[in-house]
Amino acid sequence: MHLLVLGGTWFVGHAIVTAALDAGWEVTTFNRGTSEPFLEAVRPIRGDRTCPEDVAALAAAGPWDAVVDTSGYVPRNVLEVARALAPVVGRYVFMSTVSVYRDWPLKPLTERSEVLYCPPDAGPDYGTDTEDGPTRYGYQKSGCEAAAVAAFGTDRTTLLRPGVVLGPREYVGRLPWWLRRVAAGGRVLAPGSPDRTIQPVDVRDLAAFALHTITEGSSGAFNVCAPRDGATFGGLLADCVHATQADASFDWVPDEVLLGQGVRQWSELPLWRTFDGVWRVDIAKAQTAGLRCRPLTLTVRDTWRWMVENGEVSNHDRAAEIGISREKEEQVLTAWHQSGERTG
(Lines give C-alpha, C1' and ligand atoms only; values in the text may rest on other atoms or scores of the structure.)
Protein backbone atom coordinates (compact mmCIF):
# COMPACT_ATOMS: atom_id res chain seq x y z
CA MET A 1 0.00 0.00 0.00
CA HIS A 2 1.10 3.54 -0.77
CA LEU A 3 -0.30 5.87 1.90
CA LEU A 4 -0.38 9.65 2.14
CA VAL A 5 -0.91 11.19 5.58
CA LEU A 6 -1.83 14.85 5.87
CA GLY A 7 -0.15 15.79 9.13
CA GLY A 8 1.54 12.76 10.61
CA THR A 9 3.87 14.07 13.31
CA TRP A 10 1.57 14.67 16.28
CA PHE A 11 -0.74 12.29 18.09
CA VAL A 12 -3.23 10.53 15.78
CA GLY A 13 -1.18 11.14 12.66
CA HIS A 14 1.96 9.79 14.33
CA ALA A 15 0.11 6.60 15.33
CA ILE A 16 -1.20 6.11 11.79
CA VAL A 17 2.24 6.56 10.24
CA THR A 18 3.77 4.16 12.76
CA ALA A 19 1.10 1.51 12.15
CA ALA A 20 1.45 1.81 8.39
CA LEU A 21 5.23 1.45 8.54
CA ASP A 22 4.88 -1.57 10.83
CA ALA A 23 2.56 -3.09 8.22
CA GLY A 24 5.15 -2.62 5.50
CA TRP A 25 3.36 0.20 3.72
CA GLU A 26 5.13 3.01 1.89
CA VAL A 27 4.24 6.25 3.65
CA THR A 28 4.37 9.86 2.51
CA THR A 29 3.64 12.69 4.93
CA PHE A 30 2.60 16.21 4.01
CA ASN A 31 3.06 18.98 6.56
CA ARG A 32 4.92 22.22 7.14
CA GLY A 33 7.83 20.54 8.88
CA THR A 34 7.45 22.57 12.06
CA SER A 35 7.22 19.52 14.34
CA GLU A 36 9.94 17.00 15.10
CA PRO A 37 11.13 14.98 12.09
CA PHE A 38 9.75 11.49 11.71
CA LEU A 39 11.36 8.18 10.87
CA GLU A 40 13.73 7.93 7.94
CA ALA A 41 11.42 5.36 6.34
CA VAL A 42 8.87 8.11 5.68
CA ARG A 43 8.90 10.17 2.50
CA PRO A 44 8.30 13.74 3.73
CA ILE A 45 6.84 16.40 1.47
CA ARG A 46 6.96 19.87 2.98
CA GLY A 47 4.16 22.28 2.32
CA ASP A 48 1.20 24.21 3.68
CA ARG A 49 -2.22 22.76 2.92
CA THR A 50 -3.64 26.30 2.69
CA CYS A 51 -1.23 27.17 -0.14
CA PRO A 52 -2.60 26.15 -3.57
CA GLU A 53 0.89 25.87 -5.07
CA ASP A 54 2.00 23.49 -2.31
CA VAL A 55 -1.11 21.36 -2.73
CA ALA A 56 -0.61 21.21 -6.50
CA ALA A 57 2.98 20.09 -5.98
CA LEU A 58 1.77 17.42 -3.57
CA ALA A 59 -0.74 16.07 -6.08
CA ALA A 60 2.01 15.91 -8.71
CA ALA A 61 4.00 13.63 -6.39
CA GLY A 62 1.29 10.92 -6.39
CA PRO A 63 -0.32 8.50 -6.86
CA TRP A 64 -1.32 6.86 -3.57
CA ASP A 65 -3.78 4.14 -2.69
CA ALA A 66 -5.26 6.25 0.10
CA VAL A 67 -4.87 9.45 2.07
CA VAL A 68 -5.62 9.86 5.77
CA ASP A 69 -6.40 13.48 6.62
CA THR A 70 -5.57 14.20 10.25
CA SER A 71 -5.11 17.95 9.83
CA GLY A 72 -8.32 19.09 8.13
CA TYR A 73 -10.35 21.59 10.17
CA VAL A 74 -11.84 24.10 7.69
CA PRO A 75 -14.36 22.77 5.11
CA ARG A 76 -13.28 25.08 2.30
CA ASN A 77 -9.68 23.96 2.65
CA VAL A 78 -10.56 20.27 2.85
CA LEU A 79 -12.63 20.68 -0.31
CA GLU A 80 -9.71 22.29 -2.16
CA VAL A 81 -7.20 19.68 -0.98
CA ALA A 82 -9.52 16.75 -1.66
CA ARG A 83 -10.34 17.97 -5.17
CA ALA A 84 -6.64 18.29 -5.94
CA LEU A 85 -5.94 14.77 -4.67
CA ALA A 86 -9.00 13.00 -6.11
CA PRO A 87 -7.32 12.12 -9.45
CA VAL A 88 -4.24 10.60 -7.77
CA VAL A 89 -5.63 8.97 -4.58
CA GLY A 90 -7.88 5.94 -4.33
CA ARG A 91 -9.58 6.61 -0.99
CA TYR A 92 -9.99 9.59 1.33
CA VAL A 93 -10.09 8.76 5.03
CA PHE A 94 -11.09 11.82 7.05
CA MET A 95 -10.43 11.98 10.79
CA SER A 96 -13.59 13.58 12.16
CA THR A 97 -15.20 13.56 15.63
CA VAL A 98 -18.41 12.71 17.50
CA SER A 99 -18.78 16.48 17.89
CA VAL A 100 -20.37 16.51 14.42
CA TYR A 101 -23.57 15.13 15.98
CA ARG A 102 -26.20 17.69 16.90
CA ASP A 103 -27.08 15.87 20.14
CA TRP A 104 -23.58 15.28 21.49
CA PRO A 105 -22.98 15.23 24.46
CA LEU A 106 -26.60 15.30 25.62
CA LYS A 107 -27.98 12.10 24.07
CA PRO A 108 -26.75 8.62 23.11
CA LEU A 109 -25.48 8.38 19.54
CA THR A 110 -25.39 6.06 16.56
CA GLU A 111 -24.24 6.78 13.00
CA ARG A 112 -27.92 7.44 12.23
CA SER A 113 -28.03 10.39 14.64
CA GLU A 114 -28.50 13.83 13.10
CA VAL A 115 -25.31 15.58 12.02
CA LEU A 116 -24.80 19.34 12.23
CA TYR A 117 -25.28 21.09 8.90
CA CYS A 118 -22.30 22.89 7.43
CA PRO A 119 -21.72 23.49 3.71
CA PRO A 120 -18.63 21.86 2.18
CA ASP A 121 -17.22 25.24 1.11
CA ALA A 122 -17.70 26.99 4.46
CA GLY A 123 -14.96 29.17 5.86
CA PRO A 124 -13.49 29.07 9.36
CA ASP A 125 -16.18 31.31 10.87
CA TYR A 126 -19.13 29.04 10.14
CA GLY A 127 -20.98 27.71 13.19
CA THR A 128 -21.42 28.83 16.77
CA ASP A 129 -20.53 27.58 20.22
CA THR A 130 -23.46 26.58 22.42
CA GLU A 131 -23.08 25.88 26.12
CA ASP A 132 -23.30 22.09 26.56
CA GLY A 133 -24.32 21.73 22.93
CA PRO A 134 -23.03 22.10 19.37
CA THR A 135 -19.69 23.82 18.88
CA ARG A 136 -18.05 25.61 16.00
CA TYR A 137 -15.52 22.80 15.98
CA GLY A 138 -18.34 20.33 15.43
CA TYR A 139 -19.89 22.39 12.65
CA GLN A 140 -16.53 22.77 10.94
CA LYS A 141 -15.73 19.06 11.10
CA SER A 142 -19.18 18.26 9.70
CA GLY A 143 -18.49 20.58 6.79
CA CYS A 144 -15.12 18.89 6.29
CA GLU A 145 -16.88 15.54 6.05
CA ALA A 146 -19.21 16.97 3.41
CA ALA A 147 -16.22 18.37 1.54
CA ALA A 148 -14.47 15.00 1.44
CA VAL A 149 -17.58 13.31 0.10
CA ALA A 150 -18.13 16.07 -2.46
CA ALA A 151 -14.63 15.58 -3.86
CA PHE A 152 -14.27 11.78 -3.66
CA GLY A 153 -17.85 10.52 -3.68
CA THR A 154 -19.45 8.28 -1.09
CA ASP A 155 -17.84 5.06 -2.33
CA ARG A 156 -14.29 6.40 -1.97
CA THR A 157 -14.71 8.25 1.33
CA THR A 158 -14.37 6.95 4.89
CA LEU A 159 -15.36 9.16 7.83
CA LEU A 160 -13.98 8.23 11.24
CA ARG A 161 -15.70 9.80 14.24
CA PRO A 162 -13.70 9.11 17.39
CA GLY A 163 -14.75 10.32 20.82
CA VAL A 164 -11.98 10.79 23.37
CA VAL A 165 -8.63 9.45 22.14
CA LEU A 166 -5.96 8.53 24.71
CA GLY A 167 -2.53 6.95 24.60
CA PRO A 168 1.16 7.75 24.21
CA ARG A 169 1.93 11.21 22.75
CA GLU A 170 -1.46 12.63 23.79
CA TYR A 171 -1.01 16.40 23.59
CA VAL A 172 -4.39 17.50 25.00
CA GLY A 173 -3.22 16.10 28.32
CA ARG A 174 -6.31 14.46 29.79
CA LEU A 175 -4.80 11.13 30.77
CA PRO A 176 -1.36 12.65 31.43
CA TRP A 177 -2.96 15.06 33.91
CA TRP A 178 -4.57 12.20 35.86
CA LEU A 179 -1.33 10.24 35.83
CA ARG A 180 0.66 13.21 37.14
CA ARG A 181 -1.93 13.94 39.82
CA VAL A 182 -2.07 10.32 41.00
CA ALA A 183 1.72 10.09 40.91
CA ALA A 184 1.84 13.04 43.33
CA GLY A 185 -0.01 10.87 45.86
CA GLY A 186 -2.29 11.74 48.77
CA ARG A 187 -6.04 12.14 48.73
CA VAL A 188 -7.24 12.72 45.19
CA LEU A 189 -10.55 14.35 44.25
CA ALA A 190 -12.41 11.84 42.06
CA PRO A 191 -15.53 12.91 40.14
CA GLY A 192 -18.98 11.39 40.53
CA SER A 193 -19.14 7.63 40.75
CA PRO A 194 -16.35 5.08 40.25
CA ASP A 195 -18.90 2.93 38.41
CA ARG A 196 -19.47 5.46 35.63
CA THR A 197 -18.64 3.74 32.35
CA ILE A 198 -16.29 5.52 29.93
CA GLN A 199 -15.34 4.89 26.29
CA PRO A 200 -11.93 6.41 25.48
CA VAL A 201 -10.25 4.73 22.53
CA ASP A 202 -6.52 4.05 22.36
CA VAL A 203 -4.86 6.05 19.60
CA ARG A 204 -3.16 2.88 18.34
CA ASP A 205 -6.51 1.12 17.97
CA LEU A 206 -7.90 4.12 16.10
CA ALA A 207 -4.89 4.01 13.78
CA ALA A 208 -5.21 0.27 13.21
CA PHE A 209 -8.88 0.67 12.34
CA ALA A 210 -8.13 3.51 9.93
CA LEU A 211 -5.71 1.26 8.05
CA HIS A 212 -8.18 -1.63 8.18
CA THR A 213 -10.86 0.46 6.47
CA ILE A 214 -8.37 1.14 3.67
CA THR A 215 -7.44 -2.48 3.10
CA GLU A 216 -11.08 -3.55 3.25
CA GLY A 217 -12.40 -0.65 1.19
CA SER A 218 -14.89 0.32 3.91
CA SER A 219 -16.87 3.45 3.05
CA GLY A 220 -19.21 5.62 5.09
CA ALA A 221 -19.12 6.94 8.65
CA PHE A 222 -17.94 5.03 11.72
CA ASN A 223 -18.07 5.95 15.38
CA VAL A 224 -14.73 4.95 16.88
CA CYS A 225 -14.81 4.53 20.66
CA ALA A 226 -14.13 1.76 23.13
CA PRO A 227 -17.02 -0.57 24.02
CA ARG A 228 -19.60 0.92 26.37
CA ASP A 229 -19.12 -1.78 29.01
CA GLY A 230 -15.34 -1.99 28.74
CA ALA A 231 -14.08 0.45 31.38
CA THR A 232 -15.12 2.61 34.32
CA PHE A 233 -13.81 5.84 35.79
CA GLY A 234 -12.87 3.97 38.94
CA GLY A 235 -10.95 1.45 36.90
CA LEU A 236 -9.13 4.24 35.07
CA LEU A 237 -7.91 5.81 38.31
CA ALA A 238 -6.99 2.42 39.76
CA ASP A 239 -4.94 1.82 36.61
CA CYS A 240 -3.19 5.15 37.21
CA VAL A 241 -2.24 4.01 40.71
CA HIS A 242 -0.95 0.71 39.39
CA ALA A 243 1.05 2.34 36.60
CA THR A 244 2.67 5.01 38.78
CA GLN A 245 3.01 2.86 41.94
CA ALA A 246 1.89 5.94 43.86
CA ASP A 247 0.52 6.18 47.38
CA ALA A 248 -2.77 7.73 46.35
CA SER A 249 -6.39 7.24 47.42
CA PHE A 250 -9.63 8.73 46.15
CA ASP A 251 -12.49 10.75 47.54
CA TRP A 252 -15.42 10.24 45.18
CA VAL A 253 -17.44 13.44 45.33
CA PRO A 254 -20.96 13.42 43.80
CA ASP A 255 -21.61 15.27 40.57
CA GLU A 256 -24.02 17.74 42.16
CA VAL A 257 -21.49 18.70 44.81
CA LEU A 258 -18.79 19.32 42.23
CA LEU A 259 -21.15 21.40 40.12
CA GLY A 260 -22.19 23.35 43.20
CA GLN A 261 -18.54 24.09 43.92
CA GLY A 262 -18.08 25.46 40.40
CA VAL A 263 -15.83 22.67 39.13
CA ARG A 264 -15.70 22.83 35.35
CA GLN A 265 -16.61 19.62 33.57
CA TRP A 266 -14.22 18.15 31.01
CA SER A 267 -11.41 20.59 31.77
CA GLU A 268 -10.76 20.94 35.53
CA LEU A 269 -11.45 17.23 36.07
CA PRO A 270 -10.56 15.68 32.71
CA LEU A 271 -12.93 13.08 31.24
CA TRP A 272 -15.65 13.98 33.78
CA ARG A 273 -18.90 15.09 32.20
CA THR A 274 -22.37 14.45 33.53
CA PHE A 275 -24.44 14.48 30.35
CA ASP A 276 -26.18 11.30 29.29
CA GLY A 277 -24.63 10.95 25.86
CA VAL A 278 -20.94 11.51 26.58
CA TRP A 279 -20.09 7.85 27.09
CA ARG A 280 -23.03 6.26 25.26
CA VAL A 281 -21.76 6.11 21.69
CA ASP A 282 -22.78 3.03 19.70
CA ILE A 283 -19.82 1.40 17.94
CA ALA A 284 -21.49 -1.75 16.58
CA LYS A 285 -20.90 -0.68 12.98
CA ALA A 286 -17.18 -0.15 13.54
CA GLN A 287 -16.87 -3.43 15.44
CA THR A 288 -18.51 -5.28 12.57
CA ALA A 289 -16.07 -3.56 10.21
CA GLY A 290 -13.06 -4.68 12.25
CA LEU A 291 -12.51 -2.27 15.17
CA ARG A 292 -10.68 -3.93 18.06
CA CYS A 293 -9.91 -2.16 21.33
CA ARG A 294 -7.26 -3.06 23.88
CA PRO A 295 -7.97 -2.85 27.63
CA LEU A 296 -7.71 0.65 29.09
CA THR A 297 -5.13 -0.71 31.54
CA LEU A 298 -2.64 -1.03 28.68
CA THR A 299 -3.35 2.49 27.45
CA VAL A 300 -2.68 3.90 30.93
CA ARG A 301 0.48 1.82 31.40
CA ASP A 302 1.96 2.74 28.05
CA THR A 303 1.10 6.43 28.42
CA TRP A 304 2.87 6.59 31.78
CA ARG A 305 5.88 4.80 30.32
CA TRP A 306 6.00 7.33 27.49
CA MET A 307 5.73 10.21 29.98
CA VAL A 308 8.58 8.85 32.10
CA GLU A 309 10.80 8.29 29.09
CA ASN A 310 10.08 11.66 27.47
CA GLY A 311 9.84 14.02 30.44
CA GLU A 312 7.52 16.98 29.87
CA VAL A 313 4.45 15.78 27.96
CA SER A 314 3.42 18.72 25.82
CA ASN A 315 3.52 22.48 25.54
CA HIS A 316 0.41 22.47 23.37
CA ASP A 317 -2.08 25.28 24.07
CA ARG A 318 -4.90 22.85 24.89
CA ALA A 319 -2.85 21.11 27.60
CA ALA A 320 -2.69 24.39 29.53
CA GLU A 321 -6.48 24.33 29.93
CA ILE A 322 -6.54 20.91 31.62
CA GLY A 323 -6.65 20.22 35.34
CA ILE A 324 -7.90 21.61 38.63
CA SER A 325 -5.45 23.49 40.83
CA ARG A 326 -4.32 21.81 44.02
CA GLU A 327 -5.75 24.73 46.00
CA LYS A 328 -9.21 24.37 44.49
CA GLU A 329 -9.07 20.60 44.82
CA GLU A 330 -8.35 20.96 48.53
CA GLN A 331 -11.16 23.49 48.93
CA VAL A 332 -13.67 21.12 47.31
CA LEU A 333 -12.51 18.17 49.42
CA THR A 334 -12.65 20.21 52.61
CA ALA A 335 -16.18 21.40 51.86
CA TRP A 336 -17.24 17.84 51.08
CA HIS A 337 -15.76 16.46 54.30
CA GLN A 338 -17.37 19.19 56.38
CA SER A 339 -20.78 18.75 54.81
CA GLY A 340 -21.52 15.57 56.76
CA GLU A 341 -22.73 13.84 53.58
CA ARG A 342 -19.56 11.86 53.02
CA THR A 343 -20.12 8.15 53.29
CA GLY A 344 -16.74 6.64 52.48
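Residues numbered from 1 in each chain as written. Predicted model: local features only at pLDDT ≥ 70, side-chain atom pairs only at ≥ 80, totals over all residues. Heavy atoms only, no water.

Structural notes on helix α1 (residues 12-22)
Thinking step 1. Burial analysis of α1 places eight of its 11 residues in the buried class, which makes it a mostly covered element.
Thinking step 2. Among the structural elements, β1 (2-6), β2 (26-31), β4 (64-69), β5 (89-95), β7 (165-166) and α6 (203-216) are those in contact with the buried residues of α1. (Buried < 20%, exposed > 50% of the residue type's maximum accessible area, 1.4 Å probe, protein only. Helix = DSSP H or I, 4+ residues; strand = E, 2+ residues; numbered from the N terminus. Contact = heavy atoms within 4.5 Å.)

Points about the sheet that holds strand β11 (residues 220-224)
Thinking step 1. Taken in spatial order, the seven strands make up an open sheet running β3-β2-β1-β4-β5-β6-β11, and their pairing is parallel. Edge positions in the sheet fall to β3 (43-46) and β11, since each has one partner strand and no second. With strand direction ignored, the average angle separating the axes of adjacent strands in the sheet is 20°.
Thinking step 2. The sheet contact formed by β4 and β5 spans five bridges and is parallel. In the strand pairing of β5, Val-68 is matched with Val-93.
Thinking step 3. Packed onto the sheet, helix α3 (residues 75-85) meets β1, β4 and β5 and runs at close to 160° relative to β5. (Pairing = 2+ DSSP bridges. Axes fitted to C-alpha atoms, helices over the stretch in contact; angles between N-to-C directions.)

A few points about the pairing of β4
Each regular strand displays side chains that alternate between the two surfaces of the sheet.
Thinking step 1. Along β4, five of the six residues are buried, which leaves the element largely enclosed by surrounding structure.
Thinking step 2. Bridging between β1 and β4 involves four bridges; their strand directions are parallel. Paired with Leu-4 across the bridge in β4 is Val-67.
Thinking step 3. Taking the sense of rotation as the criterion, the β-α-β connection linking β4, α3 and β5 turns out right-handed. (Right-handed = clockwise from strand over helix to strand, strands pointing away.)

Notes on the pattern of salt bridges
Thinking step 1. Enumeration according to the criterion identifies 16 salt bridges in this entry.
Thinking step 2. With its nearest N and O atoms 2.8 Å apart, the salt bridge here joins Asp-202 to Arg-204.
Thinking step 3. Residue classification places Asp-202 among the buried residues on the basis of a relative accessible area of 3%. (Salt bridge = Lys/Arg side-chain N within 4 Å of Asp/Glu carboxyl O.)

Here we look at unusual backbone geometry
The phi angle of most residues is negative, glycine excepted, and most peptide bonds adopt the trans form.
Thinking step 1. A cis amide bond, omega 10°, links Gly-62 with the succeeding residue Pro-63.
Thinking step 2. Turning to its location among the elements, Pro-63 is positioned in the loop between α2 (52-60) and β4.
Thinking step 3. The omega torsion across Trp-104 and Pro-105 is 10°, close enough to zero to call that bond cis.
Thinking step 4. With respect to the helices, strands and loops of the structure, Pro-105 is situated in the loop between β5 and α4 (136-152).
Thinking step 5. Unusually for a residue other than glycine, Trp-266 sits at a positive phi of about 80°.
Thinking step 6. Positionally, Trp-266 belongs in strand β14 (residues 265-266).
Thinking step 7. Unlike most non-glycine residues, Leu-271 shows phi in positive territory, near 75°.
Thinking step 8. For Leu-271, a relative accessible area of 0% translates into the label buried.

With respect to the environment of Thr-50
Thinking step 1. Tracing the sequence through the fold places Thr-50 in the loop between β3 and α2.
Thinking step 2. On the accessibility criterion, Thr-50 (55% relative accessible area) is exposed.
Thinking step 3. Each C-alpha atom, one on Thr-50 and one on Val-74, is 9.9 Å from the other, the two residues being 24 residues apart in sequence.

Remarks on the environment of Thr-97
Thinking step 1. Note on placement: Thr-97 falls in the loop between β5 and α4.
Thinking step 2. Between the C-alpha atom of Thr-97 and that of Lys-141, which follows or precedes it by 44 residues, the distance is 7.1 Å.
Thinking step 3. If we ignore the near neighbours within four places in the chain, the residues touching Thr-97 are Tyr-137, Lys-141, Leu-160, Arg-161 and Pro-162.
Thinking step 4. Side-chain polar atoms of Thr-97 contact the backbone nitrogen of Ser-99, separated by 3.0 Å. (Polar contact = N/O pair within 3.5 Å; in protein donor to acceptor, adjacent residues only side chain to side chain.)

Describing the nonpolar core
Thinking step 1. Counting 81 residues, the largest nonpolar core has Leu-3, Ile-16, Leu-160, Trp-178, Leu-236 and Leu-269 as the members making the most contacts within it.
Thinking step 2. The dominant element in this core, judged by the number of residues it contributes, is α6, at seven residues.
Thinking step 3. Once residues lying within four places of it in the same chain are set aside, the contact partners of Leu-160 are Val-93, Phe-94, Met-95, Ser-96, Thr-97, Leu-206, Phe-209, Ala-210, Thr-213, Phe-222 and Val-224.
Thinking step 4. Counting 26 residues, the second largest nonpolar core, distinct from the first, contains Val-55, Val-81, Ala-82 and Phe-94. (Core = buried A, V, L, I, M, F, W, Y, C linked by side-chain atoms within 4.5 Å.)

Comments concerning the packing of α3 against α4
Thinking step 1. Look at α3 against α4: their axes get within 8 Å of each other, and the N-to-C directions meet at 20°. As summarised for this structure, α3 and α4 are arranged roughly parallel, according to the angle between their axes. Note that α3 runs across α4; the crossing there is right-handed. Across the interface between the two elements, Pro-75, Val-78, Leu-79, Ala-82, Arg-83 and Leu-85 from α3 touch Gln-140, Gly-143, Cys-144, Ala-147, Ala-148, Ala-150, Ala-151 and Phe-152 from α4. (Parallel < 35°, antiparallel > 145°, perpendicular 65-115°, else oblique. Left-handed = near helix turned anticlockwise from the far one by under 90°.)

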